[in-house]
Amino acid sequence: QQPHTHMSPHAAPVGLMRSIYWYFVVIAVACAWYVRAFTGRIGRRHRLCGAAHLAVLCWRAFRSHDADVGVAIARLEDAALAVSGCILTASAYGDFAEAHARAKPNKASGTLHAKATVTGDEMLEHLFYQIVN
């Protein structure tokens, strides 16, 4: 007897889902290894927003193959991902812009130099383009 092989035309291919699964396994291991990235005192709001954004990203990635998810729900999940990304960027500005304003001027634009510090203006620019997209 043949196994049930019906696959919705909206479902992601199995190979893609395996790749996504392993990507998030690597992310989970890195988060466990560098747990301080989420538990430190400095930039706590940004750390919490980062953890929340990662949770939304994981949720959306693993639901992307679910053929039973309606279009409206998928669009709401995409909107939640976009909003959590914007909140994450805004929290970086809120937590670090003032401290970064005291940093030495960058030798290059953005983070193109190894010792560059992202300025508050660059954080706001990034947020602007996130909203536009």
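Calculation criteria
- Residues numbered from 1 in each chain as written.
- Predicted model: local features only at pLDDT ≥ 70, side-chain atom pairs only at ≥ 80, totals over all residues.
- Heavy atoms only, no water.
- Helix = DSSP H or I, 4+ residues; strand = E, 2+ residues; numbered from the N terminus.
- Contact = heavy atoms within 4.5 Å.
- Axes fitted to C-alpha atoms, helices over the stretch in contact; angles between N-to-C directions.
- Parallel < 35°, antiparallel > 145°, perpendicular 65-115°, else oblique.
- Nonpolar A, V, L, I, M, F, W, Y, C, P; charged D, E, K, R; others polar.
- pLDDT = per-residue confidence, 0-100.
- Left-handed = near helix turned anticlockwise from the far one by under 90°.
- Phe/Tyr/Trp six-rings, centres within 6.5 Å; stacked < 30°, edge-to-face > 60°.
- Buried < 20%, exposed > 50% of the residue type's maximum accessible area, 1.4 Å probe, protein only.

A.B. asks: Can you lay out the environment of cysteine 86 for me, pointing to particular residues and giving the numbers?
C.D. replies: Secondary-structure assignment places cysteine 86 in helix H4 (residues 71–101). As for cysteine 86 and isoleucine 131, which are separated by 45 residues in sequence, their C-alpha atoms are 7.0 Å apart. Setting aside residues up to four positions removed in sequence, cysteine 86 forms contacts with Leu127, Gln130 and Ile131.

A.B. asks: Could you give me a rundown of the packing of H4 against helix H5 (residues 120–132), with the residues and numbers involved?
C.D. replies: Helix packing geometry: the angle between the two helix axes and the distance between the axes. With their axes 8 Å apart at the nearest point, H4 and H5 run at an angle of 170° to one another. Of the possible angle classes, the one that applies to H4 and H5 is roughly antiparallel. Contacts from Gly85, Cys86, Thr89, Ala90, Ala92, Tyr93, Phe96, Ala97 and His100 of H4 reach H5 at Gly120, Met123, Leu124, His126, Leu127, Gln130 and Ile131. Here the contact of H4 with H5 is built from residues that sort into ten nonpolar, six polar and no charged.

A.B. asks: Please provide a residue-by-residue account of the environment of alanine 90, values included.
C.D. replies: Mapped onto the fold, alanine 90 is located in helix H4. For the pair alanine 90 and methionine 123, spaced 33 residues apart in sequence, the C-alpha separation works out to 7.7 Å.

A.B. asks: Go over the confidence of the model for the protein chain with me, naming the residues and quoting the values.
C.D. replies: For the protein chain, the mean per-residue pLDDT works out to 81, and 81% of the residues sit at or above 70. Helix H2 (residues 36–39) is the least confidently modelled element of the protein chain, averaging 77 in pLDDT, while H5 averages 91, the highest of any element.

A.B. asks: Quick one: what's the story with the packing of helix H1 (residues 14–33) against helix H3 (residues 44–63), residue by residue and with numbers?
C.D. replies: Here H1 crosses H3 at 160°, and the two axes come no closer than 10 Å. The orientation of H1 with respect to H3, classified from their angle, is roughly antiparallel. Seen from above, H1 lies across H3 with left-handed handedness. The residues of H3 that touch H1, namely those facing Met17, Ile20, Tyr21, Phe24, Ile27 and Cys31, are Leu54, Leu57, Cys58, Ala61 and Phe62. Among the residues making up the contact of H1 with H3, the classes are represented as eleven nonpolar, no polar and no charged.

A.B. asks: Tell me about the packing of aromatic side chains, and please be specific about residues and values.
C.D. replies: Within the structure shown, the criterion is met by three aromatic pairs. A ring pair is formed by tyrosine 23 and phenylalanine 24, whose centres lie 5.1 Å apart and whose planes are at 80°; its orientation type is edge-to-face. Relative to tyrosine 129, the ring of phenylalanine 128 lies with its centre 5.0 Å away and its plane at 75°, an arrangement referred to as edge-to-face. Owing to a relative accessible area of 47%, phenylalanine 128 belongs among the partly exposed residues under this scheme. Look at tyrosine 129 and you get partly exposed, because its relative accessible area is 45%.

A.B. asks: Lay out the side chain of threonine 89 in plain terms, naming residues and giving numbers.
C.D. replies: With respect to the secondary-structure elements, threonine 89 resides in helix H4. Among the residues examined, threonine 89 registers a relative accessible area of 11% and is labelled buried. With residues near it in sequence (within four places) discarded, threonine 89 still touches Met123, His126, Leu127 and Gln130.

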